[in-house]
Amino acid sequence: MPYISKLLITLQQINPFICDVTREAGIYLFIIFYKEGKLFRTLFNQDCQALKIMFSSLFDIYSSFISTLCYKCHDIGILCNAITYLKDEQILYRLPHSKLIQLPEYSIFNFCVNELVTNISERLVYLSLNLINNLIASFHPSKNDLNYPAIFSNSNVQDLPFKLVLYPPTTNTLTLLSKLHFSLSNELFSQIANTAINACVDSILHAIPQIPSNNELDGKLFALRNLCILRDQIIPFTEVDTSLRKVETKVQELCGEICNYFLKTFCPSGLQVLRDFVFDDKSQNEIKVIQSQIIEELVHNSINSKEDLNILHVYLHQVHLKELLEILKARIVYFAHKLTILFRDQDFEKRFLEAAKPILNY
């Protein structure tokens, strides 16, 4: 009975005033799926015309409702449910291999089901593209949508979709993909999903400069948080490999920018040296003075590094935080190696990494 119950609920959502058609459709489907057609001919008195009328009415109900839907995730969900029920395993696999296929009424039923699936799929694609345009690509955020990092303390996580604080285009993208995945063909889903993901990435990146913060890191961490969660959620969809690569590329770019920010915070003199230092223009004493300045600066900033790095916990989940910290630590080691080559002093790398221990051990 669960299949029939779901179908009847969907029909009632579509039009609560079609009790007769809903009841007749429910009885008919119940007989097909659970009684193996024993009462089939008794119910309709072998009258194909009655069946045609019933299914035509059912088709009209779906079609008229589909044409009046608004561009909301709720409407997308109803259409997806309708396709799911119409493409149920009972219809696709069990029914064609049963004795009912020999009945003249089966062709009517099969035709109506295929027509409904085609009609709903077309409308679903149209609605999805409109939703992508209105709620993802052209999304206009409010102040509350971009109030980072204060939004984490102001939001009730239990009331949020996915139980996460996310930028609305990210939520809308994930909601849309989760609904469409089992409702559309692989080819159609791939087209819609890639369009949605690309629009979502662009929307997130476009919002970075709009984050009202004096700290440039907030905007980058906001984007990294959303892109990491988006990436993790779409990995199971094999149809979105192209857009997944785009998301991964942007994640790596943001990680690099955030690491550069911390390097600039912890060791600005070292970065300046890498840009401007010319070994042949400096005496050994001048080089030692520069090295000492870099080490002292790093030691001082490393002591307070925990406070600077704690902001990562606010934005990132543990697995994403670990990923970023590994990149940061690798950057620090590489940075020390570059300075060592520049100074032509093997001991400098050891002293630099020793000074950076509070960061490397974070």
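These numbers come from a predicted model, not from an experiment. (Residues numbered from 1 in each chain as written. Predicted model: local features only at pLDDT ≥ 70, side-chain atom pairs only at ≥ 80, totals over all residues. Heavy atoms only, no water.)

## Topic: the packing of aromatic side chains
Reasoning step 1: All chains considered together, the criterion is met by 12 aromatic pairs.
Reasoning step 2: Both rings, one in Tyr261 and one in Phe262, keep their centres 5.6 Å apart while their planes meet at 80 degrees; by these two values the pair is edge-to-face. Grouping residues by exposure puts Tyr261 and Phe262 together as buried.
Reasoning step 3: Taken together, a centroid distance of 5.7 Å and an interplanar angle of 20 degrees make the contact between Phe262 and Phe266 stacked. You can see Phe262 and its partner Phe266 sitting in helix H12 (residues 241-266), 4 residues apart, about one turn around the helix. Of the two residues examined, Phe262 and Phe266, each falls in the buried class.
Reasoning step 4: Among the aromatic residues, those joined into a cluster by ring pairs are Phe139, Tyr148, Phe152, Tyr167, Phe222 and Tyr315. (Phe/Tyr/Trp six-rings, centres within 6.5 Å; stacked < 30°, edge-to-face > 60°. Buried < 20%, exposed > 50% of the residue type's maximum accessible area, 1.4 Å probe, protein only. Helix = DSSP H or I, 4+ residues; strand = E, 2+ residues; numbered from the N terminus.)

## Re unusual backbone geometry
Reasoning step 1: Cis geometry marks the peptide bond from Tyr148 to Pro149; its omega dihedral reads 0 degrees.
Reasoning step 2: Relative to the assigned elements, Pro149 resides in the loop between helix H7 (104-137) and helix H8 (151-154).
Reasoning step 3: Although it is not a glycine, Arg344 adopts a positive phi angle of roughly 55 degrees.
Reasoning step 4: For Arg344, a relative accessible area of 59% gives the class exposed.

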